[in-house]
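Inside the fold
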Amino acid sequence: MQQGSYMLVSRVSRPAVLSSIALILFAVIFLSAAVALADENIEADHVRIRWLTPEQFGENPAEKTIGLYFEVDEEWHVYWRNAGDSGAAPRFAFTSEQLAVGEPLWPYPERLPIAHLTNIGYEGNVAYLFPARLTDKAGERVTLKADLEWLVCKEECIPGFATLTLDRLIGGDSDQWSAQDADILAHFQARLPQASDNSPWRVGSLEFDETAAQLILTLQGPAGLEPTAYPLDGNFVSAAAPEVTETAQGYQLRFNTARGVAAPDKTDFVVVADGAAWAFSNITLSAPATFAVPETQSLLVLLLLAFAGGIILNLMPCVFPVLSIKLFSLIQASGQGAAAHRVREGVMYTAGVLMTFALLGGVFLVLLAGGAAIGWGFQLQSPWVVVGLAVLFWVMALSFIGAFEFGHSLMNLAGRANSRSSFATGVLAVFVAAPCTGPFMGAALGASATLPALPAMAIFLGLGAGLAAPFLLLAVSPGLSALLPRPGPWMETLRQFLAFPLFATVIWLLWVLSRLVGDDGWLIGASLLLLIALAIWLVRSERRWVRAGAWALGLVAILVSVQRLQTLEAPVTATASASAWQPFDTQQIAAAQQKGQAVFIDYTAAWCITCQVNKKLVLDTDEANALFEQHDVLRIRADWTRYDENITQALAALNRNSVPVYVFYPAGGGREILPQILTMDSIRELFNEFSVEPQ
Amino acid sequence: MKIVKCLLGGFAASLMLLSVFASAEAVPGKPAPDFSVKDAAGKTHSLADYKGEWLVLEWFNKDCPYVRKHYGSNNMQSLQEKYTAQGVKWLTIISSAKGKQGYHEPEEALEVGKAHNLAASAPFLLDPSGTMGKAYDAKTTPHMYIINPEGTLVYAGAIDDNDSANPAVIPDSKNYVAAALDEVLAGKPVSTPATRPYGCTIKY
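Starting afresh in each chain, residues are numbered from 1 along the sequence in its written order. Lettering of chains starts at A and numbering of ligands starts at 1, both following the order in which they are written. Thresholds applied to this predicted model are a pLDDT of at least 70 for local features of residues and 80 or more for the giving and counting of side-chain atom pairs; totals over whole chains, interfaces and linings are not thresholded and use all residues.

1. Side note on the overall build of chain A
As a reminder, the rule being used: Numbering goes from the N terminus for both helices and strands, where a helix is a DSSP run of H or I of at least four residues and a strand is a run of E of at least two. Any residue with 12 or fewer other C-beta atoms within 10 Å of its own C-beta is exposed, any with 20 or more is buried, and the rest are partly exposed; the C-beta atoms used are placed from the backbone. In this description, any two residues whose backbone-derived C-beta atoms lie within 7 Å of each other are considered to be in contact.
Counting secondary structure elements, chain A contains 21 helices and 27 strands. Counting across all 695 residues of chain A, residues that qualify as buried make up 43%. A separation of at least 24 residues holds for 76% of the contacts in chain A among residues at least 6 apart in sequence.

2. Digging into the nonpolar core
For clarity, the threshold we go by: Each nonpolar core comprises buried Ala, Val, Leu, Ile, Met, Phe, Trp, Tyr and Cys residues, the members being joined through C-beta atoms within 7 Å.
Counting 116 residues, the largest nonpolar core has A:Val78, A:Ala127, A:Leu217, A:Val271, B:Tyr145, B:Ile146 and B:Val177 as the members making the most contacts within it. When residues of this core are assigned to their parent elements, the largest contribution, 8 residues, is made by strand S11 (residues 141-153) of chain A. A:Ala127 has contacts with A:Leu52, A:Gly67, A:Leu68, A:Tyr69, A:Ile184, A:Leu185 and A:Phe188, leaving out every residue within four places of it along the chain.

3. Focus on the sheet that holds strand S27 (residues 672-674) of chain A
Residue and element names in this part refer to chain A. Applicable threshold: DSSP-based pairing: two strands are paired if at least 2 bridges between them are found. All axes are obtained by fitting lines to C-alpha atoms, using only the stretch in contact for helices, and the reported angles, taken between N-to-C directions, cover 0 to 180 degrees.
Taken in spatial order, the 5 strands of this open sheet run S23-S25-S24-S26-S27, and their pairing is mixed. What marks the edges here is a single partner per strand, and that holds for strand S23 (581-583) and S27. Strand-to-strand twist across the sheet, computed as the mean angle between neighbouring axes with direction ignored, equals 25°. In this sheet, S27 lies alongside strand S26 (residues 661-665) in antiparallel orientation, the contact comprising 3 bridges. Bridge pairing in S27 places Phe664 opposite Glu672. In this fold helix H17 (residues 586-594) packs onto S23, strand S24 (598-604), strand S25 (633-639) and S26, with an angle of close to 155° to the strand it touches most, S24.

4. Things to note about the confidence of the model for chain B
Residue and element names in this part refer to chain B. Heads up, the condition is: On a range of 0 to 100, pLDDT expresses the predictor's confidence in each residue.
For chain B, the average pLDDT comes to 86, and 88% of its residues sit at 70 or higher. In this model, residues 1-24 is a region of pLDDT below 50 whose contacts with residues beyond four sequence positions or in other chains number 23 contacts. With pTM at 0.52, the complex prediction returns an ipTM value of 0.78.

5. Considering the packing of helix H7 (residues 383-400) of chain A against helix H16 (residues 544-567) of chain A
Residue and element names in this part refer to chain A. Put simply, the rule reads: The hand of a helix crossing depends on one turn: near helix anticlockwise from the far one by less than a right angle means left-handed, and clockwise means right-handed. Polar here means any residue outside two lists: the nonpolar Ala, Val, Leu, Ile, Met, Phe, Trp, Tyr, Cys and Pro, and the charged Asp, Glu, Lys and Arg; Gly therefore counts as polar.
Contact geometry for H7 and H16: axes closest at 10 Å, N-to-C directions at 145°. Crossing geometry of H7 relative to H16 is assigned as right-handed. Contacts between H7 and H16 involve Pro383, Trp384 and Val387 on the former and, on the latter, Ser561, Val562 and Leu565. For the contact of H7 with H16, a count of residues per class yields 5 nonpolar, 1 polar and no charged.

6. With respect to the sheet that holds strand S4 (residues 89-94) of chain B
Residues and elements named next belong to chain B. Taken together, 5 strands build an open sheet; the order of strands is S5-S4-S3-S7-S8 and the sheet is mixed. The open sheet has two free edges, formed respectively by strand S5 (125-126) and strand S8 (153-157), since each of these has just one partner strand. In terms of strand pairing, strand S7 (residues 144-147) meets S8 through 4 bridges, oriented antiparallel. Within S8, the position partnered with Ile147 by the bridge is Leu153. Sheet contacts for helix H6 (residues 176-185): strand S3 (55-59), S7 and S8; angle to S8, the most-contacted strand, approximately 170°.

7. Focus on the pairing of S25(A)
All names here are of chain A. Bridge analysis of S23 against S25 gives 3 bridges, and the strand direction is parallel. Residue Pro583 lies in a different strand from S25, and its bridge partner there is Arg637. Here S24 runs beside S25; their pairing, made up of 7 bridges, is parallel. Counted as the bridge partner of Tyr603 is Ala638 from S25.

8. Some remarks on H16(A)
All names here are of chain A. The condition is simple: Expected helix span is computed as 1.5 Å times (number of residues minus one).
Over its 24 residues, H16 runs 35 Å from end to end, which matches the ideal 34 Å to within 8%, given 1.5 Å per residue. Among all positions of H16, only Gly554, Ala557, Ser561 and Leu565 are buried. Among the structural elements, H7, helix H14 (499-517) and helix H15 (519-538) are those in contact with the buried residues of H16.

9. Some remarks on the environment of A:Leu454
Residues and elements named next belong to chain A. Structurally, the position occupied by Leu454 is in helix H11 (residues 453-476). Under the C-beta neighbour-count criterion, Leu454 is labelled partly exposed, with 17 such atoms within 10 Å. Residues Leu454 and Leu365, spaced 89 residues apart in sequence, show a C-alpha to C-alpha distance of 10.0 Å.

10. Considerations on unusual backbone geometry
A:Asn60 connects to A:Pro61 through a cis peptide bond whose omega is -10°. Mapped onto the fold, A:Pro61 is located in the loop between strand S3 (56-57) and strand S4 (63-72). At the junction of B:Thr141 and B:Pro142, the peptide bond is cis and its omega measures out at -5° in the coordinates. Relative to the assigned elements, B:Pro142 resides in the loop between strand S6 (140-141) and S7. Of note, the phi angle at B:Asn117 is positive, near 55°, even though the residue is not glycine. Inspection of the secondary structure puts B:Asn117 in the loop between helix H4 (106-115) and S5.

Below, the structure is given as structure tokens:
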């Protein structure tokens, strides 16, 4: 019949002037079809529709639930409110004097794969339910008219239009349902989404990853009951099933989104698990932000961050002394060919830095590809690397202060003015930079773990380029070189002074070692340094046998300490129970969130300088503690000094693989990632921004 | 020096690779996917043929109720007439596979076009292999795309904002395609560059 009406219209409507007449004509035909179908129940193509109401309406209570029951042929389906990639939700319009009918209540649906698309709807029978209320005008009867439009599909779709009428008596105290309809009603009422408070989960966060065009919903709560979720917004969120992964704190659901459609501020989901559904409405989308810069940014932004992070590395106490030596060699270069010499030095140094970063990046990516759950800074989770660095800084410091002059020492190599030495300085600069993850680097390095190999490598090289850039610029620019101070005795004084930051670094590395392997680690490390100093002193002897003995002493000292370190047990984590900070425990966190307690997690490590500074200046101050206390915040210190699988996973869920990371979960749900450099203000703001009230 | 060159070279190469991967997706703001498809009269059309012109792509299936909504009401043909009169090119594509609903042999397609008063710039483009449809990630009939003279996609999605199959709703619907075309022809950017298409599944 629709085919007929369409043919009729298309023949008469060629001239554009007639199009509006055609439209009216067409609409009239549709309406007349609809009128013809007006009845208490109707039978249409592949679907039968009838009322789901009491046989007689009771006077009390005035609030009712009524329904429209769609009995659908096998393999055919009708739609949920968000129909998915194709199809359409049914439409309902009610007219009644005696009954005010509210917005439809949609039982939770299922995903229906249709060819290359995903629809969201119901295969089999479904009852769309409606809240309804008797009005003042309700006397003895209820009359009700419903104008319906629906779409029933298999692969093809058939639209339907109909008007259903209803005429029922009002009387008695309560509604009189037939047993069959009462069962149907109860069945579908049980499938209506409940309030999200009743669900086992809370929304941890909802983030839009613009690069991947994915929306990431984290649900915090118990595991073992895998949920899925249906988006209400079909315009932005793809209908295809989300990728669900279990995390330490619950679940993470990744939805694809429609590329090109602007992300809304808020969106809604119906979460379904084990035959029950909950409505999570008005969830605020946050761009995954940190330090005002979204961490899942375009590659260009990440590269810029890496570059900036690299530049800042130059100022780190561990790197600066090494660079200054290199700088002296530039200052001393003079006379003929000095400019060309400087350029060569700068380029070779840059090559050394980039090569080493490429190698480190390669190792990192290979380990990652091999499935190792590692993060940046992983090199400092190994006691041997820490001991090695301590020895390196110790030797450098002794040399700086003039305790010895090495004929062919590393530092002389670095300071000597030739290409090979410049390359070596570049390599050295990267190694001494290893303990210092500066600001900006976290976001870039975190992303490198999630990116494919090529862009990840680009980020490592970007970091290297940043580290090399200031020195390269100084070397190749004649204008800048001219600004360098004249050589003189001040250089010797400065060099001696620079030994002290290096000594400080040694102290810190020994402390890291003790955190890694316990107090014995400190003793072993310090003894090793003592013996190495002794060996260095001995090696200056005139006698050959003493020199040989010195080498032997150094070698034995290293071997013995490595062997001893191996036997050491990891210390019991001493995050004191007396302290207000609790060790990382996913169950404790989930439990706190369930009962509506706010949680602050400090992802930290002993080898992370920024972490230690933040701890001393902000987190462990009386004011911060008072604030946390006052708002009943569960404080968690996730100590990543040693490798810890749970913490690595939790960091990965935040798209990070380095520390520090500070996360605040307000009591009311949501999530806030704080900047890597904390201030007291950033803590205060947490409690102004989120009204943290015990629920 | 050699090493530096190698590293810089590798860096540049990786960036270039990235940009290659990024193209060939039907996303507003990105270059439109290329196509080369014969129309029912046997003439081949490709994206390059329309360089320098505004181009509308429309997916069609004569038996789809939503296509009928817009053709039966003459809504689609009116749009085709209105905008081709302003110099916009309009191609209507059938991606139904052989044996599936909406598939036509060329001769039959010419007749269907005539019966539907198709007012596009060419007879139906026949894409029974689905190559063009899949390149554009065309999901439904009608699914609409607008491509600018530089070959960049500026709109992808539904024809309007009402996914009812009832043609009576057309006068009260916001027509996204008409709005976008009016904007671009007036030299303005498209305010709604992407929407969820509605209609029948394309029968690939």
